[in-house]
Amino acid sequence: MREPAVRKFPAIFSLPFLFFLFLLSAVLSFVLLRESLHGLFTPGFFQTPASFVLLFAVPFGLIVLAGMMLYLLISETMKTGPLHPAALRIFRTACLLAALFSAVVCIFSNAFIRNLFAVYHDGNIRDSVHASFETAETYTGTREKQAETVADKFLTGLNTGNLLRIPRPWIPDIREYDPYALAVQVYEVSGGEFIPVKEEGDSSVFAAPGKIARQENGIFHEHDGTQDLLRLRKTLRYAGKTYVALYTTAFPEVVVQTAQKAEQAVRSLSVLEQSMPLFPVFGFWLFFSFLLPPLLMLLPAVFVLCVRFSDPLAALENTCAALARGDTERCLISHPQDGLQAAAALVNARSEQIRRKKRSPVQETESCGTVQAPPEQIAAAAEQPAAGGQTGTDGQPDAAAEKTPADSGEAPDA
């Protein structure tokens, strides 16, 4: 009987496939971590379905998958035979070391993240963000104030009436108050139609009369595809007539971008400040959501390695036990990667020696140290007469055959 040293596992529990699942879960966890941190401090991120999928659904699914893989592997292994105690001890030791390492990682990462955000929230960065936002807001307010000043000085009913009597350019005078002035449009409203009264400045930024009609009075920002514009619409009345004036000035793109970034930074900072109570457990959340799934996915591979290490020991013990019972028909199959090839060779050699002794024509009796001849030799020796007496079964002269008549008590013949 040949005793195999290692049991066979299904293809789904082979080491290459298990390591492939580990790498796949590690890559997926990395992508989830990157996307989650990117949107974690984005305003409104927690109200989107993507936050539930990235932060909870996928990590929890990976943990459940790893647990199912480990359960199915242990069940399949137990069906093929009992486990050697060494396999369980090694696997428990590996799980204990993994748990201790996980605890250390959680504590260190939690302390690092807490200190990192503590430095981030020492007041300087927050004050700088708010200062930049306030600067952008101040500049925007200044530009809007300039537009209102221009409107109050030039876009009036009296000035429009004078313009009708004495046409003259406005842009050079307006630029004394606003260097970024681009265009001025004045239309007379008659019967729902816009009759041009004055269109001066850069014609590429002129607004269509229909758009002006839909726009309400006041200041509004607009982007025409190439630059940011600040427009001001105003309704004028003079001499019983109604006029609509639109003033357009440029808004520097750098200021717009700075204002947008500052506004976004303030929103993110507000979300970050609202999340401050969660920072003491932030490291634990990172571990359980993104580091635990790959670690659990590695446990099935560790279990397979433990079984492969202990199965040769179990086979060796079974063969030695059978040999002790007198069963010499077992032959231990060993492989170089088992690490027990020399021990298996010694056991197989000893079993072969015992089998040869059982087949030998001469058996040794260890108790007396003599050698007993085969039965056929004893019978042949018994049939041969011995000179001067009979020969015993052991090949020596028989003592009874050598007795003299005097010894036997009979009188000799005359």
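For clarity, every value in this text was computed on a predicted model and none was experimentally measured.

The rules behind each value
- Residues numbered from 1 in each chain as written.
- Predicted model: local features only at pLDDT ≥ 70, side-chain atom pairs only at ≥ 80, totals over all residues.
- Heavy atoms only, no water.
- Phe/Tyr/Trp six-rings, centres within 6.5 Å; stacked < 30°, edge-to-face > 60°.
- Helix = DSSP H or I, 4+ residues; strand = E, 2+ residues; numbered from the N terminus.
- Buried < 20%, exposed > 50% of the residue type's maximum accessible area, 1.4 Å probe, protein only.
- Lys NZ or Arg CZ within 6 Å of the ring centre and 35° of its normal.
- Pairing = 2+ DSSP bridges.
- Axes fitted to C-alpha atoms, helices over the stretch in contact; angles between N-to-C directions.
- Parallel < 35°, antiparallel > 145°, perpendicular 65-115°, else oblique.
- Left-handed = near helix turned anticlockwise from the far one by under 90°.
- Contact = heavy atoms within 4.5 Å.
- Salt bridge = Lys/Arg side-chain N within 4 Å of Asp/Glu carboxyl O.
- Core = buried A, V, L, I, M, F, W, Y, C linked by side-chain atoms within 4.5 Å.

J.: Teacher, can you tell me more about the packing of aromatic side chains here?
T.: The description of an aromatic ring pair uses the distance of the two centres, along with the angle that the planes make with each other. Inspection of the entire model under this criterion finds eight aromatic pairs. Arranged with centres 6.5 Å apart and planes meeting at 50 degrees, the rings of Phe154 and Trp170 form a pair that is tilted. With Phe154 in helix α4 (residues 124–154) and Trp170 in the loop between α5 (157–165) and α6 (171–174), the pair connects residues that are 16 residues apart, well separated along the chain. On the basis of relative accessible area, Phe154 is assigned to the buried category, the value being 7%. Taking 5.3 Å as the distance between ring centres and 80 degrees as the angle between the ring planes, the aromatic pair formed by Phe287 and Phe288 counts as edge-to-face. Here Phe288 falls in the partly exposed class, since its relative accessible area comes to 44%. By the ring-pair criterion, three or more aromatic residues cluster together here, those being Phe154, Trp170 and Tyr177. Between Lys198 and the ring centre of Trp170, over which it is positioned, the NZ or CZ distance is 5.7 Å.

J.: Explain the pairing of strand β2 (residues 181–190) to me, please; I cannot follow it from the model alone.
T.: For a regular strand, side chains alternate in direction, first toward one face of the sheet and then toward the other. Across the 10 residues of β2, eight count as buried, placing the element largely inside the fold. Note: β2 against strand β6 (residues 241–251), eight bridges, orientation antiparallel. Bridge pairing in β6 links Ala183 to Thr248. Hairpin remark: β2 followed by strand β3 (residues 193–201), antiparallel, with two residues in the connecting loop; positive phi at Gly191, about 60 degrees.

J.: Can you help me understand the packing of helix α9 (residues 282–324) against helix α10 (residues 341–359) in this one?
T.: Between two packed helices, what matters for the description is the angle formed by their axes and the separation of those axes. Packing of α9 against α10 leaves a shortest axis separation of 11 Å and a crossing angle of 20 degrees. Here α9 lies roughly parallel to α10, going by the angle between them. Taken as a pair, α9 and α10 cross one another with a handedness that is left-handed. Facing Leu316, Thr319, Cys320 and Leu323 of α9, the residues of α10 in contact are Ala343, Val347, Arg350, Ser351 and Ile354.

J.: Is there a simple way to think about the pattern of salt bridges in this case?
T.: It is possible for side chains of opposite charge to pair when their charged atoms get near one another. A full pass over the atoms with the stated rule returns seven salt bridges. Between Arg168 and Asp173 there is a salt bridge whose closest N-O contact spans 2.9 Å. Exposure remark for Asp173: the relative accessible area of 21% places this residue in the partly exposed category. Notably, a salt bridge pairs Arg231 with Glu222, separated by 2.8 Å at the nearest N-O pair.

J.: Sorry, what's going on with the nonpolar core here?
T.: Across soluble globular proteins, you tend to see nonpolar side chains buried next to one another. Counting 21 residues, the largest nonpolar core has Leu155, Trp170, Ile174, Val184, Val186 and Tyr247 as its most contacted members. Ignoring anything within four residues of it in the chain, the contact list for Trp170 reads Phe154, Leu155, Asn159, Leu163, Val184, Val186, Lys198 and Glu200. By size, the runner-up hydrophobic cluster in this structure holds 18 residues, among which are Phe9, Leu21, Ala66 and Leu70.

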